[in-house]
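Now for the letters of each chain:
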Amino acid sequence: MANEVKLYGIDESLFVCGVKTALNLKNVKYEFVVEDLSNKSADLLKYNPVYKKVPVLVHNGNPISESLVIVEYIDEVWKGVPILPQDAYEKAQARFWAKVVNDKCFPAVVNAFSSNGEEQAVAEAHEALQFLENELKVKGSKFFGGDNINLVDIAATFVAFWIGAAEEALGIEVMSKHKFPKLTEWSDNYINCQAVKDSLPPRENVVAYFKKRFGKA
Amino acid sequence: MVGSEVILLDFWPSMFGMRVRIALAEKGIEYDYKEQDLPDKSTLLLEMNPVHKKIPVLIHKGKPINESCIIVQYIDETWKDKSPLMPSDPYTRAQARFWADYVDKKVYDALTKSGTLKGEEQEKAKKEFIEILKVLEGQIGEKPYFMGESFGYADIALVTFYCWFYTFETLGNYSIEKECPKLIAWAKRCMQRESVSKTLPDSKKIYEFFMEMRSKLGL
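(A) Main features of empty space enclosed by the protein. All names here are of chain A. This structure, assessed with the given rule, holds one cavity of 30 Å³ or more. Contributing to the lining of the largest cavity are Leu14, Phe15, Gly18, Val19, Ser67, Leu68, Val71, Asn102, Ile154 and Ala155. Where the lining of the largest cavity is concerned, the elements lending two or more residues are helix H1 (14-25), helix H3 (67-77) and helix H6 (151-155). Per-element accounting of the lining of the largest cavity gives the leading share, four residues, to H1. Split into classes, the residues belonging to the lining of the largest cavity amount to seven nonpolar, three polar and no charged.

As structure tokens, then:
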């Protein structure tokens, strides 16, 4: 039976891009189904009835939702470049940091922008990003995954690509090179990986998206 | 020293800590249980979980693992020879992870709000909580456990809330069993496993603990 892989999403979603990166790393051929989130397709609602969100991966008719769950699934099904470490302890660390990125850093950064750069919100975003900055310092490697990107790098896609675009769109500084030298360097390296480059939308589209979503009237 | 290779930093009423205790029991692992006095956190806890400063923390051969669901997966992957907690095929495994993640995102806040809010807000919270339980009930369906015939990861993620139901039912003046009988039947089925029944404290003891804590906080 042919391997049928469909990815439901939108170009600008960083969670969708994370899944695309994982598929690219494994050289998986897939069909990208663009969703209109203001008018969700019957398929999307069928495949993700719990959250009704993107991304959703459908493999041979079987749906998987939640980006980190999808990325782990991709890693287990398609061999080749590993996205998670083999060692149980290292795997646990990767899952832990991916969760820190998703549960702590992402909401704090979103809040910093949506509050229009309010002092406390920016301070909290800095505190959250500092964990990642420190982790890179401690690891002393190019990526969170070492020489190659892993689950944590993919989870942190928003740091590498979206923060800069949002800063430009809204004129608010959240991640300065001075305060976060390691994260800045990591961001440059990350978006230059081929698998990542192939997943990202044009930057001007993302800037326009942020202006629309968070911009001042 | 017996069990010193595996140490668990925990707090007895924590439903998150209980998940780890169930997993360790399922695998028959001996460990050193260290009760943490929250809020007076020990130096060991702060050193082993500097990011979140929370329990549970599993320390295996001196290295810490944090976050209950991550710890349960670690236990399953490290002690492979007995009682697998994850399904064997990748798709069902992904479903188990999805449902454990759903429990993590939804259950704690909804459950606690159903008991601690007042008036109309409480009624809304109770409704939301029951809706969440119905989704979970729907996923279990006619199966004995979340993913089928075998007790595992997704069951562990949810069942530890069972001993807390009585507390919030009492505070919220409602019956979860009345609204979600199949879910309670599933919970009782899980309680037939020694790893679960020996881990979950008595519901009344949890209630007493919660009420004492609230009165100390002046609530």
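(B) Spatial organisation of the packing of helix H4 (residues 88-114) of chain A against helix H7 (residues 157-170) of chain A. Residue and element names in this part refer to chain A. Where H4 contacts H7, the axes come no closer than 11 Å and their chain directions differ by 10°. By the angle between their directions, the pair H4 and H7 is classed as roughly parallel. In contact with Val101, Cys105, Phe106, Val109 and Phe113 of H4, H7 contributes Phe158, Ile163, Ala166, Glu167 and Leu170. Of the residues contributing to the contact of H4 with H7, the split by class is nine nonpolar, no polar and one charged.

(C) Inspection of the interface of chain A and chain B at higher detail. Taken together, the contacts link 24 residues of chain A with 28 residues of chain B. Contact between chain A and chain B buries roughly 2300 Å² in total, counting both sides, with carbon and sulfur atoms accounting for 66%. At the boundary of chain A and chain B, one finds six salt bridges. Between arginine 93 of chain B and glutamate 76 of chain A there is a salt bridge, with its nearest N and O atoms 2.8 Å apart.

Cut-offs used in this document
Residues numbered from 1 in each chain as written. Chains lettered and ligands numbered in written order. Predicted model: local features only at pLDDT ≥ 70, side-chain atom pairs only at ≥ 80, totals over all residues. Heavy atoms only, no water. 1 Å grid on protein atoms, 1.4 Å probe; cavity = no way out; pocket = protein on both sides within 12 Å on 5 of 7 lines; lining within 4 Å. Points joined across faces, edges and corners; volume = space filled by probe spheres on them. Helix = DSSP H or I, 4+ residues; strand = E, 2+ residues; numbered from the N terminus. Nonpolar A, V, L, I, M, F, W, Y, C, P; charged D, E, K, R; others polar. Axes fitted to C-alpha atoms, helices over the stretch in contact; angles between N-to-C directions. Parallel < 35°, antiparallel > 145°, perpendicular 65-115°, else oblique. Contact = heavy atoms within 4.5 Å. Buried area = accessible area lost by both parts, 1.4 Å probe. Salt bridge = Lys/Arg side-chain N within 4 Å of Asp/Glu carboxyl O.

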